[in-house]
Amino acid sequence: MSRTVNIISGADEHLASHRMRCVIPMETLNQYTTFKTKITKEADEACDINIYHKHFNMSKNLSDAVMINDLTKVMFDMCDDWFDRELGEYYEGMCELAHVITCNTPNMQSRIYEVTGRLAQICADPITFPFHAPEVTKAAEPSLLWYGHALNIFSIVPYFEKLKNLTVITNTVLNNSKIKAKYWKPGLVEKVIDLYDIVLIPRIHTPQAKCKSMNRAVDALHAGRFVIAESEEVYGELVKYIFIGTIEEGLEFYRDDPEAAYTMIKNGQNYVLDNYNHKKVCEQWVAAMNYEDYSKYGH
């Protein structure tokens, strides 16, 4: 017997989390399962399950979640730690109302449990980039890429003066003669990533950063790129497949041992294909939707 699922999001394809946690889950649930899934901007009490995504239209989400709580299964998806920030009250309220909470990483799961006492179900961020065969250049200056939201650009700015051959793709205009800048639009990074040798992921020095997803490294590996990430706390799962350490150390490793770099990428592709493919992540969503969280009822 099929069940109906309504994913509630006020975002669109311009937001990565909307693509990873709404669009791909909808597509895969409809492809691989008997769940009939749609994305809308508000709750639908006629659906068996309503999944709230992030913090769009907060007051309506909270009031609707109260009204439909006895009519449908209410789920709330968290993919960033907002608890101690300006949206914390909303996130705690939605976690209290939801029958099931979902998140994308073990660190985020631990944080939710710390704040709410409830065990969120992990539904990983799936691969979103196209596959490219691994490539390692022996050029003296490999081409470097950083991409991301303008809110996080502070993490790469200190390297504008230090690094040669750096391209930055983000959703703001950059005027800096030391780098090549491209204005982000949907599909751009996916289209051009094979033109670059190394993807850089500098550490973000905020308390919430440890709950970040590994999706940037997962996608870059799938696209055949070498990854240098500075945060072991976030990217430790991929330690065999990416370089974890300072960007300077990672570049030195890449130049000194291109064969090892190639092997890391190749093995990393196999790992992410096994663990972050769409069908496997879809199975995680199905398990979460079938989960009964008795801690909500104090049992």
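What counts and how
- Residues numbered from 1 in each chain as written.
- Predicted model: local features only at pLDDT ≥ 70, side-chain atom pairs only at ≥ 80, totals over all residues.
- Heavy atoms only, no water.
- Salt bridge = Lys/Arg side-chain N within 4 Å of Asp/Glu carboxyl O.
- Helix = DSSP H or I, 4+ residues; strand = E, 2+ residues; numbered from the N terminus.
- Buried < 20%, exposed > 50% of the residue type's maximum accessible area, 1.4 Å probe, protein only.
- Pairing = 2+ DSSP bridges.
- Axes fitted to C-alpha atoms, helices over the stretch in contact; angles between N-to-C directions.
- Parallel < 35°, antiparallel > 145°, perpendicular 65-115°, else oblique.
- Contact = heavy atoms within 4.5 Å.
- Right-handed = clockwise from strand over helix to strand, strands pointing away.

K.L.:
I keep staring at the pattern of salt bridges and nothing clicks. Help me out?
P.N.:
Charged atoms that come close allow side chains of opposite charge to pair. Scanning the entire structure with this criterion turns up twelve salt bridges. Note that Asp125 and Arg21 form a salt bridge whose closest N and O atoms lie 2.7 Å from each other. One end of the pair, Asp125, is in the loop between strand S6 (121–122) and strand S7 (144–147); the other, Arg21, is in helix H1 (residues 16–32), and 104 residues separate them in sequence. When sorted by exposure, Asp125 lands in the same class as Arg21, which is buried. Residues Glu141 and Arg255 are paired through a salt bridge, measuring 3.5 Å at the closest nitrogen-oxygen approach. Here Glu141, found in the loop between S6 and S7, pairs with Arg255, found in helix H8 (residues 247–256); they are 114 residues apart in sequence, far enough to count as distant.

K.L.:
Honestly, the sheet that holds strand S11 (residues 226–229) in this entry has me stumped. Any pointers?
P.N.:
Remark on secondary structure: sheet strands pair via backbone hydrogen bonds, oriented parallel or antiparallel. Pairing within the open sheet is parallel, and its six strands lie in the order S9-S8-S7-S10-S11-S12. Every other strand in the sheet has two partners, leaving strand S9 (180–183) and strand S12 (243–244) as the edge strands with one partner each. With four bridges joining them, strand S10 (residues 198–201) and S11 adopt parallel strand pairing. Of the residues in S11, the one forming a bridge with Ile198 is Phe226.

K.L.:
Help me understand the packing of H1 against helix H10 (residues 278–290) in this model?
P.N.:
At a minimum axis separation of 9 Å, H1 and H10 run at an interaxial angle of 90 degrees. Classed by the angle they form, the pair H1 and H10 counts as roughly perpendicular. Where H1 abuts H10, its residues Arg21, Ile24, Pro25, Thr28, Leu29 and Tyr32 lie against His278, Lys279, Cys282, Trp285, Val286 and Met289.

K.L.:
I would appreciate a short explanation of the sheet that holds strand S2 (residues 36–40) in the present structure.
P.N.:
Pairing within the open sheet is parallel, and its six strands lie in the order S2-S1-S3-S4-S5-S6. If you trace the sheet from one side to the other, it starts and ends with S2 and S6, each paired once. Along the sheet, H1 makes contact with strand S1 (4–8), S2, strand S3 (49–53), strand S4 (73–78) and strand S5 (100–103), crossing S2 at roughly 150 degrees.

K.L.:
Would you mind going over unusual backbone geometry with me for this structure?
P.N.:
Leaving glycine out, the prevailing phi sign among residues is negative, and the prevailing peptide bond configuration is trans. Although it is not a glycine, Asn57 adopts a positive phi angle of roughly 60 degrees. Assignment of secondary structure puts Asn57 in the loop between S3 and helix H2 (58–67). Classification of Asn57 by relative accessible area gives partly exposed; the value is 45%. Of note, Asn165 is a non-glycine position whose phi angle comes to about 65 degrees, a positive value.

K.L.:
Sorry, what's going on with the pairing of S5 here?
P.N.:
Regular strands place side chains that alternate from one sheet face to the opposite one. Side-chain alternation along S5 places Val100 and Thr102 on one buried face and Ile101 and Cys103 on a second face that is also buried. Note: S4 against S5, four bridges, orientation parallel. Note on S5: the bridge partner recorded for Met75 is Val100. Read as a crossover between parallel neighbours, the route from S4 over helix H3 (residues 88–97) to S5 is right-handed. Pairing between S5 and S6: two bridges, direction parallel. Each residue of the ladder has a partner; that of Cys103, found in S6, is Ile122. Once the chain exits S5 it traverses helix H4 (residues 106–116) before rejoining the sheet at S6, and the crossover so formed is right-handed.

Honestly, it's all geometry; don't read function into it.
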